[in-house]
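Architecture and fold: a report
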Amino acid sequence: MTELASDILHWFKLNGRKNLPWQSTPPNIYHIWLSEIMLQQTQVITVIDYFNKFIICFPDLTALANAKEDEVMSNWAGLGYYSRARNLHKTAKIIASNHKGVFPKKYDEIVALPGIGPSTAGAILSLGSGLSTPILDGNVKRTLSRYHKVEGHYSLSKVMEELWRLAKHHTPQTKNAEYTQAIMDIGATICKPKNPLCGNCPIASHCGACLSKEQGIYPNKKPKKDKLPEKTITFLIFKNESHEVFLKKRPGRGIWGGLWSFVECDDNTEAIDLAIRQHNDSAKIIRRLSKFKHTFTHFNLWINPILVDSPGGLANYYDAGSLALGTPAPVKKILQAL
DNA sequence: TAATCGTGGCA
DNA sequence: TTGCCAAGATT
């Protein structure tokens, strides 16, 4: 066992997180899988409430496999990266039909499932079955980059190969579930992106970056991008006499895939008039709501919401106060303000 | 290899 | 206010 693994395991006994909602003895593989998917690019604090709500609706893999897609999406709405939810549902169905409802135990089978890549597969095997399988999530990448002063940004395949090599090198044969949880805990609570708490770190005395006071240099920063592109769209909020609003299910790919949203069109008079006529020939604009910005990782979206009177509207009109459908965050924001 | 895919918290 | 980016995978 490497010194890093030994130090981390010792630290874990007293300091590790052992009461997260998806942790149990023995581990529940469904909970482990679900949490790992929710935790992709998402912090623990954000996931906890979603996880608890989700396992009440879908207590086990069979319940999830038998669920309607809209019910799954509704429980995921607000968490983001919605392909995760669609793939989660797909995988539940695959396991139900191809694996007799039992989560597969082999790495090759697990990594072949939709939404599960090499790191998530490793985490499932390690945390769920205690197998000696490396992971390489953001916490491990950051911690090992500092410890070994790895040169180059993650976007370079050469850097990722080196980090995987190091991750495998430190992954112990025994106590692997504890090690995996421990190194993620250290990454999340001590070896943080900004202001790492090296004074509390069990591996600081052997950490290259800490010893040379270069915690800010490693991991190497992402090359700066130009300004984020900006887009402006119009939301048309069709409202009938019963104060119900029209929502449309978005296609299963692209932004907000599988969620329900307003009619959307370009932000100009001609496009707006056309979209209104096409939806309901007797509809008329009531008023414009205030324009607001919604920020994504890769662009900024300006949303121009317009409230439209839509007499006779019936199909796919819903009461905003008792909506059971998943909606994008900005749509939910508008619905709550109506 | 580089884009795409959400949202919210924090410095 | 703006920029950064989190328990990554997919195309």
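Residues numbered from 1 in each chain as written. Chains lettered and ligands numbered in written order. Predicted model: local features only at pLDDT ≥ 70, side-chain atom pairs only at ≥ 80, totals over all residues.

**Focus: the overall build of chain A**
Check the secondary structure of chain A and you find 14 helices and nine strands. Principal-axis analysis of the C-alpha atoms places the extent of chain A at approximately 75 × 50 × 35 Å. Here chain A, with 338 residues, has 36% of them falling under the buried criterion. (Helix = DSSP H or I, 4+ residues; strand = E, 2+ residues; numbered from the N terminus. Buried ≥ 20, exposed ≤ 12 C-beta atoms within 10 Å, placed from the backbone.)

**A closer look at the UniProt feature "domain: HhH-GPD" (unreviewed entry) in chain A**
Feature annotation in UniProt assigns "domain: HhH-GPD" (unreviewed entry) to the following positions: residues 38–189. For residues 38–189, the end-to-end C-alpha separation is 19 Å, with 66% helix and 0% strand making up the annotated structure. (UniProt positions renumbered as here; feature names shortened; annotations may be inferred.)

**Details of the domain arrangement of chain A**
Domain boundaries assigned for chain A yield domain 1 (3–211) and domain 2 (230–337). Contact with domain 1, which involves 10 residues of that partner, is made by 10 residues of domain 2. For the side of domain 1 that touches domain 2, the secondary structure elements donating two or more residues are helix H5 (69–76) and helix H6 (83–98). Considering each element in turn, the side of domain 1 that touches domain 2 owes the most residues, five residues, to H5. Of the residues belonging to the side of domain 1 that touches domain 2, the class tally is four nonpolar, three polar and three charged. (Domains from an automatic or database assignment. Contact = placed C-beta atoms within 7 Å. Nonpolar A, V, L, I, M, F, W, Y, C, P; charged D, E, K, R; others polar.)

**Topic: the pairing of strand E1 (residues 230–239)**
In this structure, E1 lies alongside strand E8 (residues 300–309), joined through 10 bridges in parallel fashion. Bridge pairing in E8 links Lys-231 to Leu-301. (Pairing = 2+ DSSP bridges.)

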